[in-house]
Amino acid sequence: MKKTYKLENLDCANCAAKMETAIKKIDGVADCSISFMTQKMTIDADDEGFDDILRAAQKAITRVDRACKIK
């Protein structure tokens, strides 16, 4: 399942790249892309457990930038 989310308070392109790398390492994630310019994140992951994957993605994002949130 591929879903796109708006990111709030994404500060820099370097942070976006770090977040993308961390999210791709989460079990069940096939691919992830984060665009600093559009402030959007697209995750391609298993249908089963998608909510858990999204929570893990938020934790990975918070480790890079505490202010950034998935909307």
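Everything below is about the structure shown above.
Notes on the structure follow.

Reading guide: rules and limits
Residues numbered from 1 in each chain as written. Predicted model: local features only at pLDDT ≥ 70, side-chain atom pairs only at ≥ 80, totals over all residues. Heavy atoms only, no water. Salt bridge = Lys/Arg side-chain N within 4 Å of Asp/Glu carboxyl O. Helix = DSSP H or I, 4+ residues; strand = E, 2+ residues; numbered from the N terminus. Buried < 20%, exposed > 50% of the residue type's maximum accessible area, 1.4 Å probe, protein only. Expected span 1.5 Å × (residues − 1). Arc of directions from axis to C-beta. Contact = heavy atoms within 4.5 Å.

**Points about the pattern of salt bridges**
In step 1: Evaluated as defined, the whole model comprises four salt bridges.
In step 2: Residues K71 and E8 are paired through a salt bridge, measuring 4.0 Å at the closest nitrogen-oxygen approach. One end of the pair, K71, is in the segment after β4 (69–70); the other, E8, is in strand β1 (residues 2–8), with 63 residues separating them in the sequence.
In step 3: The class of E8 is partly exposed, set by a relative accessible area of 35%.
In step 4: With a closest N to O distance of 3.9 Å, K24 and D31 form a salt bridge.
In step 5: Using a relative accessible area of 40% as the deciding quantity, one classes K24 as partly exposed.
In step 6: Residue D31 is classed as partly exposed on the basis of its relative accessible area of 38%.

**Let's talk about helix α1 (residues 13–24)**
In step 1: Here α1 spans 17 Å end to end across 12 residues, near enough to the 16 Å set by a 1.5 Å rise per residue.
In step 2: Taken as a whole, α1 has its buried residues at C15, A16, M19, E20 and I23. Projected down its long axis, α1 carries its buried residues within an arc of 140°, all on one side.
In step 3: Where α1 is buried, its residues touch β2 (29–35), β3 (40–45) and α2 (50–64).

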